[in-house]
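Listed below are the residues making up each chain.
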Amino acid sequence: MNVSGKTIVVTGAASGIGRALVRRFAADGAAALVAADRDGDGARAVVDEITARHGAAVRCVAERVDVAVEEEVAGLIERTERALGPIDLFCSNAGIVFEGGVETPTAEWQRIWSINVLAHVHAARVLVPRMLARGGGYLLQTASAAGLLSQIGSAPYAVTKHAAVALAEWLSITHGADGLRVSVLCPQAVRTAMIAGTEEGGVAGVDGVIEPEQVADAVVAGLADERFLILPHPEVREYVQRKAADHERWIRGMRRLQERYTRPG
Ligand SMILES: NC(=O)c1ccc[n+]([C@@H]2O[C@H](COP(=O)([O-])OP(=O)(O)OC[C@H]3O[C@@H](n4cnc5c(N)ncnc54)[C@H](O)[C@@H]3O)[C@@H](O)[C@H]2O)c1
């Protein structure tokens, strides 16, 4: 898919990767963009920036939406399609992270599950039937390399990002032949608010921290090829291959990484 002339929704658009996607899609000639975020002021600031830069060439709308709430996602899609026409590309990008293991309270597991996984279900539940009825459509789901490998220090993040990858795979397998396109975005560390303060000396920086604009470059290239797996850090492909080739060895290697980044001093 070439984003030029398309109607596109991005969640988590007030910051980081989502904001970079909105900027890049506007620069590449998207016809209409919806910047959705639970931070309504942040979404508005992104829209103001796009309007100042591109004027009437891009219709850009801010939406204050909590993607964890099914009715809010459904309302976002309904309002967008009524005002701007069919959504060509929906980017389920909003996500959260926090540290913790199985001691993490159930309410916190449910909160991250709702944002990192169910938000993608909420969007797909409304959009997939509509996209199939009109012969096609595109879903971009931001997961993480943690959804293919693991996340040192955060069981809830590793688990929910694996589930996000699994959902994207399932949607592509089930509906690909009927015209639904699905891509899953799996970066390692990206310089955004999410990892602020952990880049230096932390596990986030192992393979280098890239900029959100580099992620947007990878997304545009991946969409152009209609590639399922978008890997802004190319080394992730090799890690996934090593994991598949010898799981025991991979677990031992991950233990060494874990030890390196959790040992005091
Ligand atoms: N930064 C990284 O290193 C990295 C790496 C891999 C994957 N990711 C993923 O990329 C996505 C974007 O993260 P980012 O790094 O740009 O982080 P970020 O914190 O800069 O941006 C996330 C945005 O999502 C919004 N958001 C959070 N919960 C929401 C909700 N319930 N409803 C609506 N909006 C909500 C936030 O307000 C924020 O604007 C996330 O899914 C994240 O897991 C990030």
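Attention shifts here to the overall build of the chain. Per the secondary structure count, the chain includes eight helices and seven strands. For 265 residues, the compact-globule estimate of 2.2 N^0.38 gives 18 Å, and the C-alpha radius of gyration of the chain, at 18 Å, lies within 12% of that figure. C-alpha extents for the chain along the principal axes are approximately 55 × 40 × 35 Å. In the chain, the share of contacts with a sequence separation of at least 24, taken over all contacts with a separation of at least 6, comes to 71%. Of the accessible surface of the chain, which amounts to about 12300 Å², a share of 51% is contributed by carbon and sulfur atoms. Side chains of the chain carry 28 positive and 32 negative charges; the gap between the two charge centres is 2 Å.

Turning to the site of the ligand, a few remarks are in order. Within the structure, the ligand sits among 28 residues, and Ser15, Ile17, Asp37, Tyr157 and Thr192 are positioned closest to it. Separating an oxygen atom of the ligand from a backbone N or O atom of Ile17 is a distance of 2.8 Å. Within the backbone of Arg38, a nitrogen or oxygen atom sits 3.2 Å from a nitrogen atom of the ligand. Summarising the interface, the protein chains cover 94% of the accessible area of the ligand, which totals 830 Å² for the free molecule. Looking at the shell around the ligand, the elements that each hand over two or more residues are α1 (16–27) and α5 (155–175). A class-by-class count of the residues in the shell around the ligand yields 15 nonpolar, nine polar and four charged.

There is a patch of like positive charges on the surface, built from Arg249, Arg252, Arg255 and Arg256. As for its position among the elements, Arg252 is in helix α8 (residues 247–262). Of the residues examined, Arg252 reaches a relative accessible area of 42% and is grouped as partly exposed.

Proteins that are soluble and globular tend to have nonpolar side chains buried together. Ranked by internal contacts, the top residues of the largest apolar core, which has 45 residues, are Phe90, Leu139 and Leu171. Within the residue set of this core, elements represented by two or more residues are β2 (32–37), α3 (70–84), α4 (106–133), α5, β6 (180–185) and α8. In terms of residue count, the dominant contributor to this core is α4 (eight residues). Look past the residues within four positions of Leu171 in its chain and what remains in contact with it is Ala124, Val128, Leu139, Gln141, Gly176, Leu180 and Val182.

Right, let's talk about the packing of α1 against helix α2 (residues 40–54) for a bit. One way to put it is that α1 packs onto α2 with a least axis distance of 11 Å and a crossing angle of 20 degrees. Between α1 and α2, the crossing angle belongs to the class labelled roughly parallel. In the packing of α1 onto α2, the handedness of the crossing is right-handed. Across the interface between the two elements, Arg19, Val22, Arg23, Ala26 and Ala27 from α1 touch Val46, Glu49, Ile50 and His54 from α2. Considering only residue class, the contact of α1 with α2 consists of five nonpolar, one polar and three charged.

Attention now moves to the packing of α4 against α5. One can describe the packing of α4 onto α5 by two numbers: an axis separation of 9 Å at closest approach and a directional angle of 10 degrees. Of the possible angle classes, the one that applies to α4 and α5 is roughly parallel. The two elements α4 and α5 cross, and the hand of that crossing is right-handed. Here Trp109, Ile112, Trp113, Asn116, Val117, His120, Val121, Ala124, Val128 and Leu132 of α4 come into contact with α5, specifically with Ala155, Pro156, Tyr157, Val159, Thr160, Lys161, Ala163, Ala164, Leu167, Leu171 and His175. A class-by-class count of the residues in the contact of α4 with α5 yields 16 nonpolar, four polar and one charged.

What counts and what doesn't
Residues numbered from 1 in each chain as written. Predicted model: local features only at pLDDT ≥ 70, side-chain atom pairs only at ≥ 80, totals over all residues. Heavy atoms only, no water. Helix = DSSP H or I, 4+ residues; strand = E, 2+ residues; numbered from the N terminus. Rg over C-alpha atoms; globule rule 2.2 N^0.38 Å. Contact = heavy atoms within 4.5 Å. Areas by Shrake-Rupley, 256 points an atom, 1.4 Å probe, with all protein chains shown as cover. Lys, Arg positive; Asp, Glu negative; His and termini not counted. Charge placed at Lys NZ, Arg CZ, Asp CG, Glu CD. Near = heavy atom within 4 Å. Polar contact = N/O pair within 3.5 Å; in protein donor to acceptor, adjacent residues only side chain to side chain. Nonpolar A, V, L, I, M, F, W, Y, C, P; charged D, E, K, R; others polar. Patch = residues over 30% accessible without salt bridge, like charges linked within 9 Å, V, L, I, M, F, W, Y side chains within 5 Å. Salt bridge = Lys/Arg side-chain N within 4 Å of Asp/Glu carboxyl O. Buried < 20%, exposed > 50% of the residue type's maximum accessible area, 1.4 Å probe, protein only. Core = buried A, V, L, I, M, F, W, Y, C linked by side-chain atoms within 4.5 Å. Axes fitted to C-alpha atoms, helices over the stretch in contact; angles between N-to-C directions. Parallel < 35°, antiparallel > 145°, perpendicular 65-115°, else oblique. Left-handed = near helix turned anticlockwise from the far one by under 90°.

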